[in-house]
Amino acid sequence: MPARNTDLADVNEIYVAFTLNGNKFPDKASEDQYNRKLSLLTSTQQEQQIGRAVVMSKDFLVWAKSNGYIGVKNVYWTARPGFSFKNVVGVDVDQRKNPTDVLIEFTRGGFLGLSAKSTSGKGDIGFKNPGVGTVDKDLGLKLNDLNKAAQEKIVKEFDLPKSASARKTQIRKNKAIQKVTDSLGTGVLNECRDALIKRLDKQKPVERRDYIIKSWIDASQELYPPYVKVTGRGTKAPYSASIEDPLNNPKLKAILNDKITFEEVGNDSVGVKAGSKKILKMRFKFESEKLASSLKMSGDPW
């Protein structure tokens, strides 16, 4: 079984934490997870994730120092079981809205989060992937209901299992049924796209700005602890890294100063513009098999 994106990400994130922590794992849970996930990667994938992590850590420390963060005191990998931001930073933190993967406490400057991204390409990559349920709640929509209705239709029409995993197996065994579910699933994505853009177009300018900032690019001024997005790139050495401060970047400045508009992109995405600047695409997708896996969203480069 090929390594999943989460396996690749875990190895990269934990090795970033390992490097920042003086080449020591922050805790036993992180070490165990690292060793388990590392075994799922090919030797090339291992080399890439580790190589990027080293450069990401190095460049992060340079950025941190230039912005008043001096002396690494403690390092935490936030995805480990039982990790609590409140236990570490002393205040309640909405962990769904703070994308910090590695949290660093500095002797001078306090806490600074690192949102790790690792990619083979050179372009920008998606920043936030809110759940469809979160989007429904934020905007008063019922997008998940569109998916459920389509699922119920194909379960009844083709006598398929109600269980998603069993239904996935059945669909993949029957190419004629899969052709139908592919088409219906594509239609669901399109319906969701249309419902989302219709709702967004009703928002006032200030509502549009606040929604994009708080729900899609995590750049709320109240966000604590602060964090930077660190992206490791390259397929072989020398690897490179880039750092973006979500509170100080061209996209955020455009969102704060220019008119925000929405437009249809492809079958399943809503494009967000601030003035003439493309900010991101809000994209609907299925986790795997259409109508036999969960409906998801991602904030993608545009």
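What you see is a predicted model, and the numbers here were worked out from it, not measured in a lab.

Scoring rules and cut-offs
Residues numbered from 1 in each chain as written. Predicted model: local features only at pLDDT ≥ 70, side-chain atom pairs only at ≥ 80, totals over all residues. Heavy atoms only, no water. Phe/Tyr/Trp six-rings, centres within 6.5 Å; stacked < 30°, edge-to-face > 60°. Helix = DSSP H or I, 4+ residues; strand = E, 2+ residues; numbered from the N terminus. Buried < 20%, exposed > 50% of the residue type's maximum accessible area, 1.4 Å probe, protein only. Axes fitted to C-alpha atoms, helices over the stretch in contact; angles between N-to-C directions. Parallel < 35°, antiparallel > 145°, perpendicular 65-115°, else oblique. Left-handed = near helix turned anticlockwise from the far one by under 90°. Contact = heavy atoms within 4.5 Å. Nonpolar A, V, L, I, M, F, W, Y, C, P; charged D, E, K, R; others polar. Salt bridge = Lys/Arg side-chain N within 4 Å of Asp/Glu carboxyl O. 1 Å grid on protein atoms, 1.4 Å probe; cavity = no way out; pocket = protein on both sides within 12 Å on 5 of 7 lines; lining within 4 Å. Points joined across faces, edges and corners; volume = space filled by probe spheres on them. Pairing = 2+ DSSP bridges.

A full pass over the atoms with the stated rule returns eight aromatic pairs. An angle of 40 degrees between the planes, with centres 6.3 Å apart, marks the rings of Phe60 and Phe106 as tilted. Of this pair, Phe60 sits in helix α3 (residues 43-66) while Phe106 sits in strand β2 (residues 102-108), placing them 46 residues apart in sequence. On the numbers, 6.0 Å between centres and 50 degrees between planes, the contact of Tyr76 with Phe83 is tilted. Exposure remark for Phe83: the relative accessible area of 8% places this residue in the buried category. Every member of this aromatic cluster is reached through a ring pair, and the members are Tyr15, Phe18, Phe25 and Tyr34.

Moving on to the packing of helix α6 (residues 143-158) against helix α8 (residues 175-200). Packing of α6 against α8 brings their axes to within 9 Å, and their N-to-C directions diverge by 160 degrees. The angle between α6 and α8 places the two elements in the roughly antiparallel class. Our pair here, α6 against α8, has a crossing hand that is right-handed. Contacts from Leu143, Leu146, Asn147, Ala150, Lys153, Ile154 and Phe158 of α6 reach α8 at Ile177, Val180, Thr181, Leu184, Val188, Glu191, Cys192 and Ala195. Tallied by class, the residues present in the contact of α6 with α8 amount to 11 nonpolar, two polar and two charged.

Scanning the entire structure with this criterion turns up 13 salt bridges. For Lys86, the salt bridge is made with Asp92, and the minimal N-O distance between the two is 3.6 Å. A salt bridge links Asp210 to Arg209; its shortest N-O distance comes to 3.3 Å. A relative accessible area of 29% places Asp210 in the partly exposed class.

Our focus in this paragraph is the layout of surface pockets. Rolled over the atoms, a probe as big as a water molecule pinpoints where empty space is left. If you add up the space inside the largest pocket, you get close to 1600 Å³. Around the largest pocket, the lining comprises 42 residues; the ones closest to its centre are Asn5, Thr6, Ala9, Lys117 and Asn129. Within the residue set of the lining of the largest pocket, elements represented by two or more residues are α1 (5-20), β3 (110-119), β8 (277-286) and β9 (295-300). For the lining of the largest pocket, the leading source of residues is α1, giving seven residues. Per-class residue counts for the lining of the largest pocket are 14 nonpolar, 15 polar and 13 charged.

The subject of this paragraph is the sheet that holds β3. Across the sheet, five strands lie side by side as β1-β2-β3-β4-β5; this open sheet has mixed pairing. The open sheet has two free edges, formed respectively by β1 (70-77) and β5 (240-244), since each of these has just one partner strand. With strand direction ignored, the average angle separating the axes of adjacent strands in the sheet is 30 degrees. As judged from the five bridges shared by strand β4 (residues 227-233) and β5, these two strands associate in the antiparallel manner. What sits directly across from Thr231, in β5, is Ser242.

Its place among the elements puts Ser288 in the loop between β8 and β9. According to the relative accessible area criterion, Ser288 is partly exposed, its value standing at 33%. What Ser288 contacts, discounting residues up to four positions off in sequence, is Lys168, Arg172 and Ser293.

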